[in-house]
There are 2 protein chains.
Amino acid sequence: MNHITQALPTDIALNNGHALDALRHVPALSACTEETLRALLQNAYLEELPKNRLFLIHGDKAENYFVVLKGWVKLFRETLDGAQAITDIVPKNCIFGETALFGDGTYSFSAETVDECVLMRLSIDTLRTRLEEDPALALAMLKNITNHSHQQEKELEHRTLQNAPQRIGCFLLRLLNPQTTEGSATLNLPYDKALLATRLGMQPETFSRALQRLKDENVLRITGAQIEISNIEQLSHYVCSACSASFPCKDL
Amino acid sequence: MNHITQALPTDIALNNGHALDALRHVPALSACTEETLRALLQNAYLEELPKNRLFLIHGDKAENYFVVLKGWVKLFRETLDGAQAITDIVPKNCIFGETALFGDGTYSFSAETVDECVLMRLSIDTLRTRLEEDPALALAMLKNITNHSHQQEKELEHRTLQNAPQRIGCFLLRLLNPQTTEGSATLNLPYDKALLATRLGMQPETFSRALQRLKDENVLRITGAQIEISNIEQLSHYVCSACSASFPCKDL
């Protein structure tokens, strides 16, 4: 738990248009003006990290927040007993770590790369200064954090009301293109099954049995990391009957 | 699910100091200037509601947000199957409903009073206008929503890593005065056991068995709604070994 990575600057120059373009693709920041984005890029730099690299420790003083430009980042916490709870798996174009600014100034999670990652490391001090001057940036962040909080609420609801096969089904339906609401569909799991089980708060055995049940009932066909949903409508009826939202989800 | 309460204006005049004082006690707003608080009070009014009154419906257009001045308010969602998930039980001096402004403009929950309540009903339009002008208000709300989101994260963690007696113990430890970290303590359950079970995401039978186990092991003595914790240190060791935080909690 104590080897923190060295930053590895890449050959992508941060002062040219690439960095601005990258920030424009971040939903949390897409409504910001170019002036704001340029301000946020002060003291920013890129780093490349290998797979399974731990680079933030829960409780450390937070000086940076991050945008994922490539790969997936796992945010998690550990108990004294050594058990691990995953709080999020952050995909491309999403930010994390910025909420430390509004908390006690430390990271509320540890962070580890799931695969090879490119991250943009931005300064929390710069963000603080800019937020005090720019209500539009604050509103954009409020929108982003509220959206995240709504997703957490939904997840808490699912852990109470959905069974294990329904939770797996829900995760798969969320991977679909929002326009794909009927027929069959083939998709690739974004990360391995063991990580997915932990992400969904399940023991690996529970996850395996739940997946087997979906296969036995011909809801899914699975080949390695590739999954075919035989009938999207049928799966959504099964999954969404135990949810307060209806398919397709507004927060997909 | 379809009888919405009439507002019942009380005899507490909103334009005098009482209303300002009430807003100053709301942690989410306590850092705001008097000018901001006065602005937020435009078009605000008070309402008294009896016990178990449903007054907001999930999906309705959100025109108001609320401060609880007396009582407890249950926020929940229902599935098509009729199952209920509680997303929060809001105590005195806390706000709810304001996040609709940063979402799709509808309430993401239904709301019902747990006991007799006095609520201050504030205007979301007024909040929107003020937020666009006042970065300090936006920062205060960012802090509040982040804190709420961290609590949700912790709760998700607990549903994965803590067993039922630990989750009950955690809830009780959070009711303690933060200075009370050893010895014994007596406290009153803020609401009835059935509601508490749902709040903790447990079936009533699971809740009863877990409570019985805590009694059998002499951790708790229970008389009606009154609970005595025999040894706070012992309970916190038991509860917090399955949590990434240590006792006493920073977010108590």
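Residues numbered from 1 in each chain as written. Chains lettered and ligands numbered in written order. Predicted model: local features only at pLDDT ≥ 70, side-chain atom pairs only at ≥ 80, totals over all residues. Heavy atoms only, no water.

The biggest cluster of nonpolar side chains holds 92 residues, and the ones touching the most others in it are Val73 and Phe96 of chain A together with Val73, Phe96 and Met120 of chain B. If sequence neighbours within four positions are ignored, Phe96 of chain B has contacts with Phe55, Leu56, Tyr65, Phe66, Val68, Val73, Leu75, Val90, Phe109 and Ala111 of chain B. (Core = buried A, V, L, I, M, F, W, Y, C linked by side-chain atoms within 4.5 Å. Buried < 20%, exposed > 50% of the residue type's maximum accessible area, 1.4 Å probe, protein only. Contact = heavy atoms within 4.5 Å.)

A few words on the side chain of Ser123 of chain A. Residues and elements named next belong to chain A. Relative to the helices and strands, Ser123 resides in strand β8 (residues 117-123). Polar side-chain contacts of Ser123 include one of 3.3 Å to the backbone nitrogen of Asp125. Looking at Ser123, its side chain comes within polar contact range of the side chain of Thr126, at 2.9 Å. Excluding residues that lie within four positions of it along the chain, Ser123 makes contacts with Gln42, Asn43, Glu63, Asn64 and Tyr65. (Helix = DSSP H or I, 4+ residues; strand = E, 2+ residues; numbered from the N terminus. Polar contact = N/O pair within 3.5 Å; in protein donor to acceptor, adjacent residues only side chain to side chain.)

So, on to the pairing of β8 of chain A. Residues and elements named next belong to chain A. Counting buried positions along β8 yields 7 of 7 residues, so the element is predominantly enclosed. In this sheet, β8 lies alongside strand β1 (residues 45-49) in antiparallel orientation, the contact comprising 5 bridges. The partner of Tyr45 across the bridge, within β8, is Arg121. In terms of strand pairing, strand β3 (residues 64-70) meets β8 through 6 bridges, oriented antiparallel. Bridging across to β8, Tyr65 finds its partner in Leu122. (Pairing = 2+ DSSP bridges.)

Counted under the stated rule, the structure contains 14 aromatic pairs over all chains. Relative to Phe96 of chain B, the ring of Phe55 of chain B lies with its centre 6.3 Å away and its plane at 65°, an arrangement referred to as edge-to-face. You can see Phe55 of chain B sitting in strand β2 (residues 54-56) and its partner Phe96 of chain B sitting in strand β6 (residues 95-96), a full 41 residues away along the chain. On the basis of an interplanar angle of 55° and a centroid distance of 6.2 Å, the ring pair of Phe171 of chain B and Tyr191 of chain B is categorised as tilted. Here Phe171 of chain B, found in helix α5 (residues 164-175), pairs with Tyr191 of chain B, found in the loop between β9 (185-188) and α6 (193-199); they are 20 residues apart in sequence, far enough to count as distant. A relative accessible area of 9% places Tyr191 of chain B in the buried class. Taken together through their ring pairs, the aromatic side chains of Phe55, Phe66, Phe96, Tyr107 and Phe109 of chain A make up a single cluster. Here Lys74 of chain A stacks its cationic end above the ring of Phe76 of chain A, 4.9 Å away from the centre of that ring. (Phe/Tyr/Trp six-rings, centres within 6.5 Å; stacked < 30°, edge-to-face > 60°. Lys NZ or Arg CZ within 6 Å of the ring centre and 35° of its normal.)

Right, let's talk about the pattern of salt bridges for a bit. Close approach of charged atoms allows side chains with opposite charge to pair. All names here are of chain B. With the rule as written, the count across this model stands at 34 salt bridges over all chains. Of the charged contacts in the structure, one is a salt bridge between Arg130 and Glu35, with a shortest N-O distance of 3.6 Å. Taken as a pair, Arg130 in helix α3 (residues 124-133) and Glu35 in helix α2 (residues 34-40) lie far apart in primary sequence, 95 residues in all. On the basis of relative accessibility, which here comes to 13%, the residue Arg130 falls in the buried class. Measuring nitrogen to oxygen at the nearest pair gives 2.8 Å for the salt bridge that ties Arg121 to Glu47. With Arg121 in strand β8 (residues 117-123) and Glu47 in strand β1 (residues 45-49), this pair connects stretches of sequence that are 74 residues apart. (Salt bridge = Lys/Arg side-chain N within 4 Å of Asp/Glu carboxyl O.)

This part takes up the sheet that holds β9 of chain B. Residues and elements named next belong to chain B. Pairing within the open sheet is antiparallel, and its 3 strands lie in the order β9-β11-β10. Strand pairing shows two members of the sheet lacking a second neighbour, β9 and β10 (220-223), which therefore form its edges. The sheet shows a mean angle of 20° between the axes of neighbouring strands, taken without regard to direction. Across 4 bridges, the pairing between β10 and strand β11 (residues 226-229) is antiparallel. Considered in β11, the bridge of Thr223 is made with Gln226. In the packing of α5 onto the sheet, contacts are made with β9, β10 and β11, and the angle to β9 comes to roughly 95°. (Axes fitted to C-alpha atoms, helices over the stretch in contact; angles between N-to-C directions.)

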